[in-house]
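Overview (structure and organization)
Here is how the chains run, residue by residue.
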Amino acid sequence: QVQLVESGGGLVQAGGSLRLSCLASGTIFGFDVMGWYRQAPGKQRELAARIISDGGSIEYADSVKGRFTISRDTAKGTVYLQMNSLKPEDTAVYYCNVKRPPMWSSRDYWGQGTQVTVSS
């Protein structure tokens, strides 16, 4: 029902910035959780940031807090991740994620991922 496509990844020098975008085909609701996960080689996928609902609370991983900013436009079906002061350890594949609440379906939607590489 929902397909997610990420864009905005690339190669950047340490200290630089990137803005990731995720566009959903299909309807996104205000109660959907929208967020970004990342997975580095040899490591488990981890949550980078998420917005619990439209206008709701925002959560960041300790490793990105103060450097990354997540935002969403539910009506447009988009979620963004502004990444500043990038570090080599931020290198990973970044995945857009949408979670639909259990009261509806408990569905978990994922994009294909976009590569972010930060050079020293």
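Residues numbered from 1 in each chain as written. Predicted model: local features only at pLDDT ≥ 70, side-chain atom pairs only at ≥ 80, totals over all residues. Heavy atoms only, no water.

**What to know about the side chain of asparagine 97**
Relative to the elements of secondary structure, asparagine 97 occurs in strand 9 (residues 92-99). On the basis of relative accessible area, asparagine 97 is assigned to the buried category, the value being 2%. There is a polar contact of 2.8 Å between the side chain of asparagine 97 and the side chain of aspartate 108. Once residues lying within four places of it in the same chain are set aside, the contact partners of asparagine 97 are Leu4, Val33, Met34, Gly35, Tyr37, Asp108, Tyr109 and Trp110. (Helix = DSSP H or I, 4+ residues; strand = E, 2+ residues; numbered from the N terminus. Buried < 20%, exposed > 50% of the residue type's maximum accessible area, 1.4 Å probe, protein only. Polar contact = N/O pair within 3.5 Å; in protein donor to acceptor, adjacent residues only side chain to side chain. Contact = heavy atoms within 4.5 Å.)

**Examining a nonpolar patch on the surface**
Taken together, the side chains of Phe29, Phe31, Met103 and Trp104 present a nonpolar region at the surface, about 480 Å² in accessible area. Of note, tryptophan 104 is situated in the loop between strand 9 and strand 10 (108-110). Tryptophan 104 gets classed as exposed once you look at its relative accessible area, which sits at 57%. (Patch = residues over 30% accessible without salt bridge, like charges linked within 9 Å, V, L, I, M, F, W, Y side chains within 5 Å. Areas by Shrake-Rupley, 256 points an atom, 1.4 Å probe, with all protein chains shown as cover. Salt bridge = Lys/Arg side-chain N within 4 Å of Asp/Glu carboxyl O.)

**Some words on the packing of aromatic side chains**
The final tally for this structure, using the stated rule, is three aromatic pairs. A centroid spacing of 5.3 Å and a plane angle of 10 degrees characterise the contact between phenylalanine 29 and phenylalanine 31, whose relative ring orientation is stacked. Relative accessible area serves as the criterion here: at 35%, phenylalanine 29 is assigned to the partly exposed category. Its relative accessible area of 34% is what places phenylalanine 31 among the partly exposed residues. Ring plane angle 65 degrees and centroid distance 5.0 Å describe the contact between tyrosine 37 and tryptophan 110, whose orientation is recorded as edge-to-face. Remark: tryptophan 110 occurs in strand 10 and tyrosine 37 occurs in strand 4 (residues 33-39); sequence separation between them is 73 residues. Assessed through its relative accessible area of 13%, tyrosine 37 is described here as buried. A connected cluster of aromatic rings, assembled from ring pairs, spans Phe29, Phe31 and Trp104. Stacked on the ring of tyrosine 95, the Lys or Arg arginine 45 has its end atom at 3.8 Å from the ring centre. (Phe/Tyr/Trp six-rings, centres within 6.5 Å; stacked < 30°, edge-to-face > 60°. Lys NZ or Arg CZ within 6 Å of the ring centre and 35° of its normal.)

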